[in-house]
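# Examining the three-dimensional arrangement
What follows is each chain in one-letter form.
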Amino acid sequence: VSACARGPAHTGSVPEVPTEYRDRHPIVIAHAEQAIDIYAVGAARTLDARQRKELHLLARDYREAGRGPVRLLVPVGDRRSVNPGVDAVRSTLAGAGVRSITQSNYAVAGLATEQPIRVSYTKIKAQTATKCGQWPDDLANSNVRRNWTNTPYYNFGCAYQNMIAQQTADPIDL
């Protein structure tokens, strides 16, 4: 029966895309930015209890896994007005044990007091090497020969690998 077949034979050659999801979407250890935005409230531009708690949690995570300094990105508005809440953010971070804090500014139109202060740092994080949601092939493809190869679609396993990477408390454990 096979002697009458036309076209290329399926010889089990190596596919151009790995079929194993661990090879196609590997978990890698990389430096990633962690950031929160703080809006100073009230006339005195102080922090409320929730914001102080967020900064304390950020400081704890920074002490455990952070690399480099904590960076403050402070808005500067019209007439070079700086957000006065930056002093409250600095003192809260210092009180939580952060010793290395750098500051830079970004320009905004209008009042600087209406814009957030971004607090960020770099930490080691587990993540997938590829971005999930990539669909290089049409799953409803009418190419019968390709569909009969019984290989998983390209994005298969990416969400699973990404979830495992995100739930890992210490990336070094991987």
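None of the values given here were measured: they were computed from a predicted structure. (Residues numbered from 1 in each chain as written. Predicted model: local features only at pLDDT ≥ 70, side-chain atom pairs only at ≥ 80, totals over all residues. Heavy atoms only, no water.)

## Remarks on the packing of aromatic side chains
To keep it simple, the criterion reads: Side-chain rings of Phe, Tyr and Trp (the six-membered ring for Trp) are treated as a pair once their centres are within 6.5 Å; stacked means planes under 30 degrees apart, edge-to-face means over 60, and tilted covers the remaining angles. A helix here means a DSSP run of H or I that spans at least four residues, while a strand means a run of E at least two residues long, and both kinds are numbered starting from the N terminus. For the exposure calls, accessible area comes from a 1.4 Å probe over protein chains only, and a residue counts as buried if that area is under 20% of its type's maximum, exposed if over 50%, partly exposed in between.
For the coordinates displayed, the defined rule picks out three aromatic pairs. Arranged with centres 6.3 Å apart and planes meeting at 85°, the rings of Tyr21 and Phe156 form a pair that is edge-to-face. Of the two residues, Tyr21 sits in helix H1 (residues 21-24) while Phe156 sits in the loop between helix H4 (144-147) and helix H5 (158-167), which places them 135 residues apart along the sequence. Assessed through its relative accessible area of 39%, Phe156 is described here as partly exposed. Aromatic side chains Tyr62 and Tyr121 sit 5.5 Å apart centroid to centroid with 80° between the ring planes, which places their arrangement in the edge-to-face category. Within this pair, whereas Tyr62 is found in helix H2 (residues 49-65), its partner Tyr121 is found in strand E4 (residues 117-128), the two being separated by 59 residues in sequence. Taken together, the aromatic side chains of Tyr21, Phe156 and Tyr160 make up a single cluster linked through ring pairs.

## Re the pattern of salt bridges
Rules: Here a salt bridge means any side-chain nitrogen of Lys or Arg lying within 4 Å of a carboxyl oxygen belonging to Asp or Glu.
Within this structure, the stated rule accounts for four salt bridges. Note that Arg118 is salt-bridged to Asp37, the shortest N-O span being 2.7 Å. In this pair, Arg118 sits in strand E4 while Asp37 sits in strand E1 (residues 27-38), placing the two residues 81 residues apart along the sequence. Taking relative accessible area as the criterion, Arg118 reaches 34% and is therefore assigned partly exposed. Of the residues examined, Asp37 reaches a relative accessible area of 31% and is grouped as partly exposed. One salt bridge connects Glu54 with Arg50, and the closest N-O pair in it is separated by 3.0 Å. In this pair, Glu54 and Arg50 both sit in helix H2, four residues apart, roughly one turn of the helix.

## Re the nonpolar core
When a protein is soluble and globular, its nonpolar side chains tend to lie buried together. Heads up, the condition is: For our purposes a nonpolar core is just a set of buried Ala, Val, Leu, Ile, Met, Phe, Trp, Tyr and Cys residues, chained together by side-chain atoms within 4.5 Å. By definition in these notes, contact holds between two residues if any of their heavy atoms fall within 4.5 Å.
Counting residues in hydrophobic clusters, the biggest one holds 19 residues, and the most contacted among them are Leu55, Val70, Leu72, Val89, Leu93, Val98 and Val119. Residues within four places of Val89 in sequence aside, it is in contact with Ile38, Leu47, Leu55, Leu72, Ile117 and Val119.

## A few points about the state of the cysteines
Applied cut-off: By convention in this document, the label disulfide applies to cysteine sulfur atom pairs within 2.5 Å.
Taken as a whole and judged by the stated rule, the model has one disulfide. One disulfide in the model links Cys132 with Cys158; its S-S distance is 2.0 Å. With the S-S bond torsion at -95°, the cross-link from Cys132 to Cys158 turns out left-handed. Taken together, the residues span a long stretch of sequence, with Cys132 in the loop between E4 and H4 and Cys158 in helix H5 at a distance of 26 residues. Given the relative accessible area of 28%, Cys132 is considered partly exposed.

## Side note on the sheet that holds E1
Rule in force here: Strands are labelled as partners when DSSP assigns at least two bridges between them. As a rule, the C-alpha atoms of each element are fitted with a line to give its axis, helices using only the stretch in contact, and angles between N-to-C directions run from 0 to 180 degrees.
With mixed pairing, the four strands of this open sheet are ordered in space as E1-E4-E2-E3. Edge positions in the sheet fall to E1 and strand E3 (101-107), since each of these pairs with one other strand and no more. This sheet shows a mean twist of 30° between the axes of neighbouring strands, independent of strand direction. Examined bridge by bridge, strand E2 (residues 66-76) and E4 share five bridges and lie antiparallel to one another. Following the sheet pairing, Leu73 is matched in E4 by Arg118.

## Things to note about the environment of Thr122
Rules: A 3.5 Å cut-off defines polar contacts: any pair of N or O atoms within that distance qualifies, except that in protein one atom must be a possible hydrogen donor and the other a possible acceptor, and neighbouring residues in sequence count only when both atoms are side-chain atoms.
Following the sequence through the fold, Thr122 ends up in strand E4. Note: C-alpha distance between Thr122 and Ala30 (92 residues apart in sequence) is 9.9 Å. Aside from chain neighbours lying at most four places away, what touches Thr122 is His31, Ala32, Ala65, Gly66, Arg67 and Arg71. Engagement of the side chain of Thr122 in a polar contact is seen with the side chain of Arg71, the distance being 3.4 Å.

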